[in-house]
Amino acid sequence: MKKGFTLVELLAVITVFAIIVVLILPRVAKHIDDSKEDLYKVQIDSIENATKDYLLSEKGKADRNRAQEKTIYIELAKLQEYDFLEKEKIKNPLDGEIMNGVIRVTYRNNTFDFEYLEMSVTEAEEHDFTVERYILDKADIKTSASTEDGLYSSKINYPGDMDATGSAKNMYYYRGNNPNNYIQLLMAPGSSNAEMWNIVSIDTTNKVMKLVRTGKKSKTIWSERDDAANILLSEDSLKMYQYLNTTVFNSFSDSLKKNLKTPKWMLGEVDSTSSTLDLVMGDEALKQEVRGTAISLLSVSDYMNASLASSCRTTNFDAQCVATNWLTNLVVKDDSNIEVGYYLRNTVKGQQKVWSITSSGLTMANVTSSLYVYPVIYVPTTLVLDSSMNDTGVAPIGSVSNPYVLKMY
């Protein structure tokens, strides 16, 4: 006759099973979750590849052309309708819900970037704001007759500064002492690694935005030779070229590097006797070159455009021109508390000097002077701004305490 288990033996077996469950169940659950994550990534990759195939096809030609001009959103339903995805309902492996969102398509550096968003086109457009949609659409664009700090519209029609058709470029410049042009560059989601920059101008024709770093970089000289026949950005001024192309560039994150546009250096000398902004910009446009660096410097015309004073649109850099010019506020003091200014991009016509900015305004400096460098970069206006409210429930307005936030990832 078989003997059954005693109560003690049963309790022991149950305890062992409980221990096994406690030890193994979390691992099993994690394995299942990891598998779902892997399946989700595969599914997203499939959707993004289908979007790419669609854009390269004849059916996607119109959307491809639109995406090169601005950020667009393509519905999953469209990819299914044109047979780039299976027509069956697509389930999200993470939660089993039907996926019915859109793919955000952004064009940068001649490459399409894709991101799936579980929302409608309307919701995506409200959630995402490119530079043009968020800043220009919302800004109170001012005219030359205004006397308020802010963003001003302009047109540029100098040789080398026109668009591909020869038409004048549509430009916007920030003017005034505090025009709310602060912008943080966010390198990764949730990252604390965000650098503060200032928006100099927005070129809606070529879809680029010009930024100058708010904080100073180290001091350096333009050239070791103050008797050089050519003191532009060339073999005779390797100090500046190497500093920008190595020290500064290497300090940037990979996220920032991949989004940089290569600028044209306006290497034409600016005549100190040029009497108007038009003549100065004409000087700057006489010779433009694309150099091997993605980093530039401010130009003389940038300074002239940054002031509210009409006198600053001439070379009469009076006290009002300086006092209502946000670029003057970037001037820093060295360790000896001496105002030393910073470099501009153009040389002084007929002299072995470069333009610089001090608290007194625009001035000339020897090429061997050691001045601070404020790097300038160009980024696409198709990048997306983070429109999230801050802790007080206020959307970004470009102030130093509540700057715009540009997603570089």
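Each remark here, short or long, concerns the structure printed above.
Bear in mind the structure is a predicted one, so any value in this text is a computation, not a measurement.

Examining the pattern of salt bridges
This model, assessed by the stated rule, comprises 7 salt bridges. Across the pair Asp 83 and Lys 87 runs a salt bridge whose closest N-O atoms are separated by 2.3 Å. Residue Asp 83 is classed as exposed on the basis of its relative accessible area, which comes to 55%. Between Glu 115 and Arg 104 there is a salt bridge whose closest N-O contact spans 2.5 Å. Highlighted residues: Glu 115 in strand S3 (residues 111-117) and Arg 104 in strand S2 (residues 102-108), separated in sequence by 11 residues. Residue Glu 115 is classed as partly exposed on the basis of its relative accessible area of 38%. Note on Arg 104: relative accessible area 8%, which makes it buried. A single network of salt bridges, built from pairs that share partners, joins Asp 63, Arg 66 and Lys 78.

Looking at the nonpolar core
If you look at soluble globular proteins, the nonpolar side chains tend to sit buried side by side. The biggest cluster of nonpolar side chains holds 75 residues, and the ones touching the most others in it are Ile 135 and Leu 406. Residue contacts for Ile 135: discarding those within four places in its chain leaves Thr 130, Leu 151, Tyr 174, Ile 199, Ile 202, Leu 385 and Tyr 404. Counting 19 residues, the second largest nonpolar core, distinct from the first, contains Ile 90, Ile 103, Phe 114 and Tyr 116.

A look at the pairing of strand S8 (residues 194-203)
Of all 10 residues in S8, 7 are buried; the element is thus mostly enclosed. By the bridge criterion, 5 bridges tie strand S7 (residues 182-186) to S8 in an arrangement that is antiparallel. Residue pairing for S8: Gln 184 is matched across the bridge by Met 196. Inspection of the sheet shows S8 paired to strand S9 (residues 208-213) by 6 bridges, in the antiparallel sense. Looking at S9, one finds that Ser 201 is bridged to Lys 210.

Overview of the packing of aromatic side chains
One pass over the structure, following the stated rule, counts 4 aromatic pairs. With a centroid separation of 5.6 Å and an interplanar angle of 55°, the aromatic rings of Trp 222 and Tyr 343 are classed as tilted. Of this pair, Trp 222 sits in the loop between strand S10 (219-220) and helix H6 (238-250) while Tyr 343 sits in strand S13 (residues 342-347); the two residues are 121 residues apart in sequence, bridging distant segments of the chain. Each of the two residues, Trp 222 as well as Tyr 343, counts as buried. Three or more aromatic residues joined by ring pairs make a cluster, and in this case those are Tyr 54, Tyr 82 and Phe 84. The cationic tip of Lys 219 hangs over the ring face of Tyr 372; the distance from NZ or CZ to the ring centre is 5.6 Å.

Structural notes on the side chain of Arg 64
Note that Arg 64 resides in helix H2 (residues 61-67). Beyond its immediate stretch of four places on either side in the chain, Arg 64 contacts Leu 55, Leu 56, Ser 57 and Phe 112.

Conventions we followed
Residues numbered from 1 in each chain as written. Predicted model: local features only at pLDDT ≥ 70, side-chain atom pairs only at ≥ 80, totals over all residues. Heavy atoms only, no water. Salt bridge = Lys/Arg side-chain N within 4 Å of Asp/Glu carboxyl O. Buried < 20%, exposed > 50% of the residue type's maximum accessible area, 1.4 Å probe, protein only. Helix = DSSP H or I, 4+ residues; strand = E, 2+ residues; numbered from the N terminus. Core = buried A, V, L, I, M, F, W, Y, C linked by side-chain atoms within 4.5 Å. Contact = heavy atoms within 4.5 Å. Pairing = 2+ DSSP bridges. Phe/Tyr/Trp six-rings, centres within 6.5 Å; stacked < 30°, edge-to-face > 60°. Lys NZ or Arg CZ within 6 Å of the ring centre and 35° of its normal.

Bear in mind that shape data such as this cannot, by itself, settle questions of function.
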